[in-house]
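Listed here are the chains, written in short residue letters.
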Amino acid sequence: MSIVIIGAGLAGATAATELRAQGYDGEIVLVGAEPTPPYERPPLSKGYLLGKDAFDSALVHEQPWYLEHDIDLRLGTRATAIDRERRIVRLEPAGGGPSAEVSYDALLLATGATARQLDMGDDVGEFLTLRSVEDSTRLKEAFRSGTKVAIVGAGWIGLEVAAAAREAGSDVTVFETAALPLERVLGPEVATVFADLHRGHGVDLRLSTTVTPADLADADVRIAAIGVTPDVELAASAGLEIATREQGGGVLVDAMLRTSDPRVLAIGDIANHDHPVLGRRIRVEHWDTAIEQAKVAARNLAGADEPYERLPYFFTDQYDLGMEYVGSVGPDGYDRVDIEGSTDVLAGDAFRAFWVRGGTVVAAMHANDWDASDAIRDSIGSRR
Ligand SMILES: Cc1cc2nc3c(=O)[nH]c(=O)nc-3n(C[C@H](O)[C@H](O)[C@H](O)COP(=O)(O)OP(=O)(O)OC[C@H]3O[C@@H](n4cnc5c(N)ncnc54)[C@H](O)[C@@H]3O)c2cc1C
């Protein structure tokens, strides 16, 4: 039996790890377009970007581990076509050169996502984005005392990058079309906390604003942090079913993470998953989902029939604030948010928040209250 994993990121590498941990001793080919062994991306906007952590600490495993565990890791290699009838994947060196083929009995797609670029014409030029370690290194080098940094987008990445740039002493302006940062995820009650946090650290946060070239004229560094596009081209060209934009994009997978071809599974940022607990489709771009879906997919590749039931989980670190969030409010929204504690996070205070719909908690978070991790997870689905 041969398992081919396309995408040597967090999800792909975790699946290979779990296959070996489960005792699977067949062939594993792990194909990655990047030249570096699989790594975790959260440090790219936190410890690594801040210059506090070395890149090696972000690696899923040191490179020799793959050889020691008989995993055929093909770095700098792109999968360019899947022939599902012959069960063959075509591979091409990312830098050009002769192509090769590998055959599979089961295939796992974990191709992740690409940061969206912003095109504001030739006068503005290209924006920097943040997805890879190379991107993070470039930003780290650009963030200097007095450098003028303009960030378009006040989502998680935009805000973490803003915090890192401020900590490096740069002047930071953030442009956001919504009335509050993170408003779509957190709602106004908690999103306000993040607006206050960044303003309190000297960020010029311009909300309800559509950025224009004139706004960017004197910026030394321009960064687009406007979300990602899931990398589904390979899956689409192989004829697998793809989610529409309205469905959230990505590759359609069932509760067991199987695509429209039962021999092919998809996980991580590309998986548009039929979530059995939430009762709806969801595509989650989070670290925890990449890891946990990989574990379930590995077991299913090895013959199990296990649904993926874990609720979305997310964390962020910005300045001295650390938070964890569990659950999903979803399209039906919420009736109220119960906040316990003090939201004065600039003063180092801690709080818990519970998003409630129909008397039931649908999402919960804490800020600066690390003892609350289990309590917020356990609160989901409880009555309030
Ligand atoms: C800067 C940054 C900070 C983040 N911080 C957080 C955080 O604080 N908390 C959190 O929960 N989440 C965070 N995330 C999100 C989290 O990192 C992602 O959800 C996670 O990386 C998804 O894992 P993945 O394996 O699906 O995709 P990826 O990590 O993107 O890996 C996919 C890999 O597949 C490769 N690939 C793509 N196509 C091909 C192909 N055809 N052939 C071969 N290889 C291919 C890509 O080059 C890439 O290496 C952050 C993301 C970024 C970018």
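Draft legend 1. Just the pattern of salt bridges, in detail. With the rule as written, the count across this model stands at 21 salt bridges. Notably, a salt bridge pairs arginine 41 with glutamate 34, separated by 2.8 Å at the nearest N-O pair. Relative accessible area serves as the criterion here: at 23%, arginine 41 is assigned to the partly exposed category. Taking relative accessible area as the criterion, glutamate 34 reaches 22% and is therefore assigned partly exposed. Between arginine 87 and aspartate 105 there is a salt bridge whose closest N-O contact spans 3.4 Å. Taken together, the residues arginine 87 in the loop between β4 (77-83) and β5 (88-93) and aspartate 105 in the loop between β6 (100-103) and β7 (106-109) connect sequence positions 18 residues apart. Classification of arginine 87 by relative accessible area gives partly exposed; the value is 25%. Several salt bridges share partner residues, and in doing so they unite Arg336, Asp338, Glu340 and Arg384 into one network.

Draft legend 2. Representation of the packing of helix α4 (residues 156-167) against helix α5 (residues 183-200) within the structure. Relative to each other, α4 and α5 sit at 15°, their axes nearing to 12 Å. Between α4 and α5, the angle is such that the two are roughly parallel. Pair α4 / α5 crosses with left-handed handedness. Contact residues: Trp156, Leu159, Ala162 and Ala163 in α4; Val185, Leu186, Phe194 and His198 in α5. Taken together, the residues that form the contact of α4 with α5 break down as 7 nonpolar, 1 polar and no charged.

Draft legend 3. Representation of the domain arrangement of the protein chain in the model. Segmenting the protein chain into domains produces domain 1 (2-114 + 228-301), domain 2 (120-224) and domain 3 (320-379). Of note, the centres of domain 2 and domain 3, computed from C-alpha atoms alone, are 25 Å apart. On the side of domain 3, 13 residues touch domain 2, which itself brings 13 residues to the contact. Both faces considered, domain 2 and domain 3 share a buried interface measuring about 1,000 Å² in area, 80% of it formed by carbon and sulfur atoms. Counting the surface domain 2 buries against domain 3, the share from its top three residues, Val190, Val193 and Leu197, is 41%. Run the count over domain 2 and domain 3 and you get 2 residue pairs in polar contact (both at pLDDT 80 or more).

Draft legend 4. Highlighting the packing of aromatic side chains. The full count for this structure, using the stated rule, is 9 aromatic pairs. Here the aromatic rings of tryptophan 65 and tyrosine 66 are separated by 5.2 Å at their centres, their planes lie at 80°, and the arrangement is edge-to-face. The two residues tryptophan 65 and tyrosine 66 agree in class, both being buried. Here the guanidinium or amino end of lysine 140 rests over the ring plane of tyrosine 48, the centre of that ring lying 3.6 Å away. When the ring centre of phenylalanine 354 is taken as origin, the NZ or CZ atom of arginine 384, which lies over that ring, is 4.2 Å away.

Cut-offs used in this document
- Residues numbered from 1 in each chain as written.
- Predicted model: local features only at pLDDT ≥ 70, side-chain atom pairs only at ≥ 80, totals over all residues.
- Heavy atoms only, no water.
- Salt bridge = Lys/Arg side-chain N within 4 Å of Asp/Glu carboxyl O.
- Buried < 20%, exposed > 50% of the residue type's maximum accessible area, 1.4 Å probe, protein only.
- Helix = DSSP H or I, 4+ residues; strand = E, 2+ residues; numbered from the N terminus.
- Axes fitted to C-alpha atoms, helices over the stretch in contact; angles between N-to-C directions.
- Parallel < 35°, antiparallel > 145°, perpendicular 65-115°, else oblique.
- Left-handed = near helix turned anticlockwise from the far one by under 90°.
- Contact = heavy atoms within 4.5 Å.
- Nonpolar A, V, L, I, M, F, W, Y, C, P; charged D, E, K, R; others polar.
- Domains from an automatic or database assignment.
- Buried area = accessible area lost by both parts, 1.4 Å probe.
- Polar contact = N/O pair within 3.5 Å; in protein donor to acceptor, adjacent residues only side chain to side chain.
- Phe/Tyr/Trp six-rings, centres within 6.5 Å; stacked < 30°, edge-to-face > 60°.
- Lys NZ or Arg CZ within 6 Å of the ring centre and 35° of its normal.

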